[in-house]
Amino acid sequence: MNHLRLIFLGPPGAGKGTQAKRLADWLGVPHISTGEILRGAIADQTPLGQKAQAYMDNGDLVPDELLADLVRDRLAAPDARDGWILDGYPRTLNQAHYLENLVADIGQRVDYIINLDVPDETVVERLLKRGRKDDTEATIRHRLDVYREQTAPLLGYYRDSDRFHSFNGNRDSDLVTESLKAAVT
Ligand code: AMP
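Residues numbered from 1 in each chain as written. Predicted model: local features only at pLDDT ≥ 70, side-chain atom pairs only at ≥ 80, totals over all residues. Heavy atoms only, no water.

Novice: Explain the layout of surface pockets residue by residue, including any values.
Specialist: Taken as a whole, the largest pocket holds about 850 Å³ of empty space. Along its surface, the largest pocket is lined by 43 residues, and Pro12, Lys16, Arg91, Arg130 and Arg132 are the ones closest to its centre. For the lining of the largest pocket, the secondary structure elements donating two or more residues are α1 (16-27), β2 (31-33), α2 (34-43), α6 (120-130), α7 (137-151) and α9 (173-184). Residues of the lining of the largest pocket, tallied by class, amount to 13 nonpolar, 16 polar and 14 charged. (1 Å grid on protein atoms, 1.4 Å probe; cavity = no way out; pocket = protein on both sides within 12 Å on 5 of 7 lines; lining within 4 Å. Points joined across faces, edges and corners; volume = space filled by probe spheres on them. Helix = DSSP H or I, 4+ residues; strand = E, 2+ residues; numbered from the N terminus. Nonpolar A, V, L, I, M, F, W, Y, C, P; charged D, E, K, R; others polar.)

Here it is as structure tokens:
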């Protein structure tokens, strides 16, 4: 049960990371989180990490061009040949267009666009509990604004596709996982 390529959409705190990881393990494909890659780059103080840090600390998106090569190389890597789950990318319409061209270029296609839907108050509550460095209440509210302005338009972009599936993420996480597994089989 592999050769599937999925992207995950939804506000911060929707459970994308948890669900994407579970589904990736279950499908036997790599889980590719741009946020995790960026946090790793910051921890290692690479040039990418140094450029990305201030944006991330403020709850802003890093500029599209910082991620373009990284995503291209990661999706073209040998372990991603038979499928992947992208978690946290694309986050702008520009990234969505880039991804569309990229997968076509490397002879792939996106099979499922998964959206996790959760209300704002759940997001704030969950993220405050998580306590990551960029999870203060002010930054969380800002990340929600950024999501609404820059990422939510992607829903309109993908909604009419028969590959688009939206799920209620405001449920017990095991139930969400079961719904996702049912949808991709
Ligand atoms: P995440 O772990 O997905 O919540 O991402 C954490 C932070 O990394 C975000 O708030 C952004 O600053 C940055 N980031 C992750 N993915 C992207 C992306 N696709 N485009 C721009 N910034 C991103």
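That covers the picture; the talk isn't over yet.
Novice: So what's going on with empty space enclosed by the protein? Residues and values would help.
Specialist: Applying the stated criterion across every chain yields a total of one cavity of 30 Å³ or more. Considering only enclosed or pocket space, the largest cavity measures out at about 40 Å³ in volume. Along its surface, the largest cavity is lined by Phe8, Leu9, Gly10, Lys16, Gly88, Pro90, Arg91, Tyr147 and Thr151. Mapped by element, the contributors of at least two residues to the lining of the largest cavity are β1 (4-9) and α7. Looking at the lining of the largest cavity, its residues break down into four nonpolar, three polar and two charged.

Novice: Explain the pattern of salt bridges residue by residue, including any values.
Specialist: Pairing is possible between side chains that carry opposite charge, provided their charged atoms lie close to one another. Within the structure shown, the criterion is met by 14 salt bridges. Two residues, Lys133 and Asp57, come together in a salt bridge whose shortest N-O distance is 3.2 Å. Highlighted residues: Lys133 in the loop between α6 and α7 and Asp57 in helix α3 (residues 47-58), separated in sequence by 76 residues. Given the relative accessible area of 31%, Asp57 is considered partly exposed. (Salt bridge = Lys/Arg side-chain N within 4 Å of Asp/Glu carboxyl O. Buried < 20%, exposed > 50% of the residue type's maximum accessible area, 1.4 Å probe, protein only.)

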